[in-house]
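# Structural overview for review
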Amino acid sequence: MRVAIAGAGLAGLSCAKYLVDVGHTPIILERRDVLGGKIAAWKDEDGDWYETGLHIFFGAYPNLLQLFRELGIEDRLQWKEHTMIFNQPEKPGTYSRFDFPDLPAPINGVIAILRNNDMLTWAEKIRFGLGLIPAMIQGQKYVEEMDQYSWSEWMQKQNIPPRIEKEVFIAMSKALNFINPDEISATILLTALNRFLQEKKGSTMAFLDGSPTERLCEPIVDHIVKGGGEVRLNAPLKEIVLNEDKSVKGFLLRGLDGAEDELFTADLYVSAMAVDPLKVMLPEAWREIDCFKKLEGLEGVPVINIHLWFDRKLTDIDHLLFSRSPLLSVYADMSNTCKAYADPNRSMLELVLAPAKDWISQTDEEIIQVTMEELKKLFPQHFEGKNPAQLRKAHVIKTPRSVYKATPGRQACRPDQRTPIANFYLAGDYTMQQYLGSMEGATLSGKLTAKAIAEDCKK
Ligand SMILES: Cc1cc2nc3c(=O)[nH]c(=O)nc-3n(C[C@H](O)[C@H](O)[C@H](O)COP(=O)(O)OP(=O)(O)OC[C@H]3O[C@@H](n4cnc5c(N)ncnc54)[C@H](O)[C@@H]3O)c2cc1C
C-alpha cells in the first residue's frame with residue numbers, strides 16, 4: 001500500500017519506518033526544510049548546532065530505545081550516571097543529588113530519596129510515601145482516574161505537605177510539560193513516578209551524541225528510503241480533500257515559489273502533524289465527528305529553548321540539571337554532555353525557559369538578558385568579581401505551541417490512532433498511548449499507527 005504521511009517529526013518517521021518493515025510504501029510529506037519537528041536542529045554560520053529543545057532520553061523509553069537498536073545506532077546514546085541533580089536556590093552555586101544505587105527497583109529509588117536530606121525532611125518523605133500508596137496498589141487505573149486533579153490538588157487530597165511541591169515538583173512538572181504543579185494533571189506526574197520507581201533504569205538519562213536531525217532522524221530516513229519509501233521536505237499539506245463519502249481523496253500540497261498546488265494521492269493517509277495544525281486543517285465535514293471534535297480540548301503549550309556560548313568553562317557537570325528557578329526549567333552544559341558539542345575550555349549551556357507564556361512574545365535580547373540574570377544565581381562564582389564570564393553568542397528558539405498542555409481532563413481528549421474515516425489515521429505524541437507528550441510517546445504512536453494499518457490491510 002502507498003501511505004501518505006503528513007509530518008516528518010518522530011511520529012511520522014517512526015510510522016514510516018514500521019510501515020516499510022512490513023512491506024508498505026510510505027511517502028512522508030513535510031512542511032519545513034528540516035527533519036524532526038520538535039527535535040529539529042540547525043547549524044549556524046560558525047558550524048555550531050542549535051536545537052528546538054534540550055532532549056533527554058530515559059531508560060524508561062522502551063520503544064525509542066528499541067528503534068535505536070533496530071537502526072544499529074544505540075552507541076549514539078551517551079548514558080550518564082544514575083542520579084538527578086537539583087540546584088539549591090537558597091545556597092547559590094551548590095547542588096543536591098538523588099543518587100540511585102545499583103539495586104533493583106523500587107529499592108534503588110527509595111534509597112535515592114531517603115539518602116537525600118538537603119531537600120526534604122524525614123517526616124515529609126514519610127508523608128509523601130504514604131500519599132503514593134493508592135497509586136502503588138491500584139496501578140495505572142488509579143493513575144488515569146487522577147486526571148481529574150491538578151498535581152497541587154492531588155497533593156492536598158493526599159495530605160502531602162505543600163513544601164514538597166515547592167522543593168521537588170515545580171521542577172519536575174516544568175521538566176515534564178513546561179507548566180507548574182497547579183496546572184499539570186496529576187496523571188502526568190504519577191505516570192512518570194511509576195516508571196521511575198518501578199523500573200531499575202527508568203530514570204537513567206542519556207544525551208544524544210550530536211544533533212537529533214543528523215544523528216537520529218537521518219538514519220531513520222535512510223532506513224525508510226532503503227525499504228522503498230520516500231521523504232519529501234518543503235511539501236506542506238494545505239488541505240485534506242474529501243470524497244463524497246467523507247473518505248480522503250488526496251492531500252493537497254501547497255505549491256512553493258509560484259508552483260501550482262498538487263493533489264497527492266495514495267491508498268491510505270496519515271496525519272503525523274502536531275495537534276494544533278491538524279485542528280486548523282480538519283475538513284468541515286469531519287468537525288462534528290467525536291474523535292475530531294474532542295481535539296478542541298488539546299492545545300500546544302509554549303516553551304523557549306536557549307543556547308548560550310561562554311568564553312570559559314562554567315561547570316564540569318556532565319548531566320542534566322534541574323535549575324529550580326522560577327524562570328528556567330532544566331539545563332545542561334552541552335560542552336560536557338554531548339560529544340559533537342564538546343569543548344574542554346568553554347561552556348555551551350542549553351536551557352529551557354518554562355512556563356513561557358509571558359515570554360514567548362518578548363524579543364530574543366530580552367530573553368537572553370533575563371536568563372543571564374538567572375545564571376548569576378546558578379553560577380555566582382563566574383559572574384561576580386572583576387573578570388565575569390562573557391557571553392560569546394546566543395540562539396533563542398521559541399516554540400509557541402509545543403507538546404499538548406497536559407492540564408486535568410486532557411486524557412479524555414486524546415484520540416486513538418485509528419479514526420472513523422476508513423483511509424485516514426493519526427500519529428503524534430498527543431494521540432492515545434501510555435507515554436505522554438514525549439519522544440517515546442511520538443515513537444510509540446507512529447508504531448501503533450503502522451500496526452493498525454498493517455492489521456486493517458490484512459482484513
Ligand atoms: C523545548 C522542548 C524540549 C523537549 N524535551 C524533551 C525531552 O527531554 N524528552 C522527551 O522525550 N521529549 C521532549 N520534548 C518533546 C518531544 O520533542 C515531542 O514530544 C516529540 O518530538 C513530538 O513528535 P511528533 O512527531 O509527535 O510531533 P512534531 O515533532 O511536532 O512533528 C510534527 C511534524 O509535522 C510537520 N507539519 C506541521 N504542519 C504540517 C503541514 N501542513 N504539512 C506537512 N507537515 C506539517 C511539522 O513541521 C513537524 O515536522 C521536548 C519538546 C520541546 C519543544
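Scroll up to find the structure.
Here the structure is a predicted model, which means the values were calculated and not measured.

A few words now on the overall build of the protein chain. The secondary structure content of the protein chain amounts to 16 helices and 20 strands. On C-alpha atoms alone, the protein chain measures out to a radius of gyration of 22 Å, which is about the 23 Å that the 2.2 N^0.38 rule sets for 459 residues. With the C-alpha coordinates aligned to their principal axes, the bounding extent of the protein chain is approximately 65 × 55 × 40 Å. Within the protein chain, buried positions represent 59% of all 459 residues. Expressed as a percentage of contacts within the protein chain between residues at least 6 apart in sequence, the contacts between residues at least 24 apart total 68%. Just so you have it, the protein chain exposes about 19,300 Å², and 52% of that area is on carbon and sulfur atoms. Of the side-chain charges in the protein chain, 54 are positive and 63 negative, and the distance between the mean point of each set is 4 Å.

The geometry of an aromatic ring pair is captured by the separation of the ring centres together with the interplanar angle, meaning the angle of the planes. Counted under the stated rule, the structure contains 15 aromatic pairs. Here the aromatic rings of Phe86 and Phe98 are separated by 5.6 Å at their centres, their planes lie at 70°, and the arrangement is edge-to-face. A residue pair is termed long-range when its members are at least 10 positions apart, and Phe86 in strand E7 (residues 83-87) and Phe98 in strand E8 (residues 95-99) qualify at twelve residues. Comparing Phe86 with Phe98 shows no difference in burial state: the two are buried. Through a chain of ring-to-ring contacts, three or more aromatic side chains come together here, namely Phe128, Trp151, Trp154 and Phe169.

Glancing now at empty space enclosed by the protein. Applying the stated criterion across every chain, the model contains four cavities of 30 Å³ or more. Each pocket or cavity is described by its volume, and for the largest cavity that value is around 270 Å³. For the lining of the largest cavity, the secondary-structure elements that each account for two or more residues are E7, helix H3 (107-115), helix H4 (122-131), helix H8 (162-177) and helix H9 (186-198). If one sorts the elements of the lining of the largest cavity by residue count, H8 sits on top with four residues. Residue composition of the lining of the largest cavity, by class: 15 nonpolar, two polar and one charged. Reported here for the second largest cavity is a volume of approximately 60 Å³. Every residue along the wall of the second largest cavity is listed here: Glu51, Gly53, His55, Phe57, Phe207, Leu208, Gly210, Pro212, Met334 and Tyr341.

How each quantity is defined
Residues numbered from 1 in each chain as written. Predicted model: local features only at pLDDT ≥ 70, side-chain atom pairs only at ≥ 80, totals over all residues. Heavy atoms only, no water. Helix = DSSP H or I, 4+ residues; strand = E, 2+ residues; numbered from the N terminus. Rg over C-alpha atoms; globule rule 2.2 N^0.38 Å. Buried < 20%, exposed > 50% of the residue type's maximum accessible area, 1.4 Å probe, protein only. Contact = heavy atoms within 4.5 Å. Areas by Shrake-Rupley, 256 points an atom, 1.4 Å probe, with all protein chains shown as cover. Lys, Arg positive; Asp, Glu negative; His and termini not counted. Charge placed at Lys NZ, Arg CZ, Asp CG, Glu CD. Phe/Tyr/Trp six-rings, centres within 6.5 Å; stacked < 30°, edge-to-face > 60°. 1 Å grid on protein atoms, 1.4 Å probe; cavity = no way out; pocket = protein on both sides within 12 Å on 5 of 7 lines; lining within 4 Å. Points joined across faces, edges and corners; volume = space filled by probe spheres on them. Nonpolar A, V, L, I, M, F, W, Y, C, P; charged D, E, K, R; others polar.

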